[in-house]
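Residues per chain, in single letters:
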Amino acid sequence: MSKVKVISFDAEGTVVTPQFSTLIWYEAIPLQYARQRGIGVDEGREEIKREYSAMGMQRVEWYDVRYWFEQFSLPDYKTVLDAYRHAVNLYPETEETLVSLSRSCSLVVTSASSRDFLDLLLSPIRGHFRHVFSCISDYRLLKTADFYHRVCDTLGVCPEEVVHIGDNWNGDYLAPREIGMRAFYLDRNGERGGEDVVRSLTEFQQIMLTELGGNGGSP
Ligand SMILES: [Mg+2]
């Protein structure tokens, strides 16, 4: 009998496409920024990109949309995010995987996106998840082993009882394994090989269903 109690999914690049985020970071924020300063959008975008790079991805603020809106003195981030709601897209196999695996296990999201993003990104599928964790908004942490520890503590499970899947090699594969969680690396581009590498959520679903004991809980 499998000891897996929880399956943990990364959000962007795993269950939802990066399209929404890409538009917010590289279109919506530059547009607001350029408008406010009376410069062209392309010029605004270049300045913004320099600011992002200067901050670097190793700081939690990099992921925090509220921080950037404050930093650039831009108006109402909520209205701006909401205007891009149309760009929230699931991967084609997402829903089926969640429905199928939720028959056998609790499902959670463990993401480096901020809560502001997750509320929108996950709105079509929120009901499948027992809990949604944002390392940035909940703990002011990057996606580190420490974050995964806290996730396990909150859920009241051992790391060995959780399987995580995501599309970032360090944050989704190496970090959870550091504390004894099992992890799968989702490589949609087919660049890496190895036994813990899958190409789609469907492939992951099939592996998990076999391990969980068959048909996903149907009679
Ligand atoms: Mg991701």
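Residues numbered from 1 in each chain as written. Predicted model: local features only at pLDDT ≥ 70, side-chain atom pairs only at ≥ 80, totals over all residues. Heavy atoms only, no water.

**A closer look at the overall build of the protein chain**
Alright, step 1. Across its full length, the protein chain holds 10 helices and 6 strands.
Alright, step 2. Taking 219 residues into account, the globule formula puts the C-alpha radius of gyration at 17 Å, and the protein chain, at 18 Å, falls close to it.
Alright, step 3. Projected onto its principal axes, the C-alpha positions of the protein chain cover 65 × 30 × 30 Å.
Alright, step 4. Relative to its full complement of 219 residues, the protein chain shows a buried share of 52%.
Alright, step 5. If you take every contact in the protein chain between residues at least 6 apart in sequence, the share linking residues at least 24 apart comes to 60%. (Helix = DSSP H or I, 4+ residues; strand = E, 2+ residues; numbered from the N terminus. Rg over C-alpha atoms; globule rule 2.2 N^0.38 Å. Buried < 20%, exposed > 50% of the residue type's maximum accessible area, 1.4 Å probe, protein only. Contact = heavy atoms within 4.5 Å.)

**Let's talk about the pattern of salt bridges**
Alright, step 1. Tallied over the entire structure, the rule returns 15 salt bridges.
Alright, step 2. Two residues, Arg-45 and Asp-42, come together in a salt bridge whose shortest N-O distance is 3.0 Å. Of this pair, Arg-45 and Asp-42 are both found in helix α2 (residues 41-55), 3 residues apart, which corresponds to roughly one turn of the helix.
Alright, step 3. Owing to a relative accessible area of 55%, Asp-42 belongs among the exposed residues under this scheme. (Salt bridge = Lys/Arg side-chain N within 4 Å of Asp/Glu carboxyl O.)

**Comments concerning the coordination of the magnesium ion**
Alright, step 1. Only Asp-10 (OD), Glu-12 (O) and Asp-167 (OD) from the protein reach the magnesium ion as donors, at distances of 2.1 to 2.2 Å.
Alright, step 2. Going along the chain, you hit the donors of the magnesium ion in the pattern D-x1-E-x154-D. With Asp-10 in the loop between β1 (6-9) and α1 (19-37) and Asp-167 in the loop between β4 (162-166) and α9 (169-178), this residue pair connects regions lying 157 residues apart in the sequence.
Alright, step 3. By relative accessible area, which is 6% here, Asp-10 ends up buried. (Donors = N, O, S within 2.8 Å, 3.2 Å for Na, K, Ca; no water.)

**Re the nonpolar core**
As a rule of thumb, nonpolar side chains are buried together in soluble globular proteins.
Alright, step 1. Ranked by size, the top nonpolar core spans 71 residues in total, and within it Ile-7, Phe-9, Phe-20, Ile-24, Ile-29, Val-65 and Phe-204 carry the most contacts.
Alright, step 2. Per-element tally for this core: the top contributor is α1, with 7 residues.
Alright, step 3. Setting aside its immediate chain neighbours within four residues, Phe-204 contacts Ile-7, Phe-9, Leu-101, Val-163, Ile-165, Phe-184 and Val-198. (Core = buried A, V, L, I, M, F, W, Y, C linked by side-chain atoms within 4.5 Å.)

**Focus: helix α5 (residues 94-101)**
Spacing of three or four residues puts side chains on the same side of an α-helix, whose turn is 3.6 residues.
Alright, step 1. Within α5, the full set of buried residues consists of Thr-94, Thr-97, Leu-98, Ser-100 and Leu-101. Take α5 and look down its axis: the buried residues cluster within an arc of 165°, on one side only.
Alright, step 2. In this fold, the buried residues of α5 make contact with β1, β2 (106-111) and α10 (201-212). (Arc of directions from axis to C-beta.)

**Regarding the confidence of the model for the protein chain**
Close reading of the predicted structure is inappropriate where its pLDDT is low.
Alright, step 1. Chain-level pLDDT for the protein chain is 94 on average; 97% of the residues reach the 70-or-more range.
Alright, step 2. The low-confidence segment residues 215-219, where pLDDT is below 50, has 6 contacts with residues more than four positions distant or belonging to other chains. (pLDDT = per-residue confidence, 0-100.)

**Looking at the side chain of Asp-64**
Alright, step 1. Relative to the elements of secondary structure, Asp-64 occurs in the loop between α2 and α3 (65-71).
Alright, step 2. A polar contact is formed between the side chain of Asp-64 and the backbone nitrogen of Arg-66, at a distance of 3.1 Å.
Alright, step 3. Excluding residues that lie within four positions of it along the chain, Asp-64 makes contacts with Trp-25, Ile-136 and Arg-140. (Polar contact = N/O pair within 3.5 Å; in protein donor to acceptor, adjacent residues only side chain to side chain.)

**Section: the packing of α5 against α10**
Alright, step 1. Interaxial distance between α5 and α10 falls to 9 Å at its minimum, and their mutual angle equals 10°. Compared by their axis directions, α5 and α10 come out roughly parallel. Within the contact between the two elements, α5 uses Thr-94, Glu-96, Thr-97, Ser-100 and Leu-101 and α10 uses Leu-201, Thr-202, Phe-204, Gln-205, Met-208, Leu-209 and Leu-212.
Alright, step 2. Residues that form the contact of α5 with α10 fall into these classes: 6 nonpolar, 5 polar and 1 charged. (Axes fitted to C-alpha atoms, helices over the stretch in contact; angles between N-to-C directions. Parallel < 35°, antiparallel > 145°, perpendicular 65-115°, else oblique. Nonpolar A, V, L, I, M, F, W, Y, C, P; charged D, E, K, R; others polar.)

**Remarks on the pairing of β4**
Alright, step 1. Buried residues dominate β4, accounting for 5 of its 5 residues.
Alright, step 2. Alternating residues of β4 divide into Val-162, His-164 and Gly-166 and Val-163 and Ile-165, and every residue in both groups is buried.
Alright, step 3. One ladder, built from 4 bridges, connects β1 with β4; its direction is parallel. Within the sheet, the bridge partner assigned to Phe-9 lies in β4 and is Ile-165.
Alright, step 4. The pairing of β4 with strand β5 (residues 182-186) spans 4 bridges and is parallel. What sits directly across from Ile-165, in β5, is Phe-184. (Pairing = 2+ DSSP bridges.)

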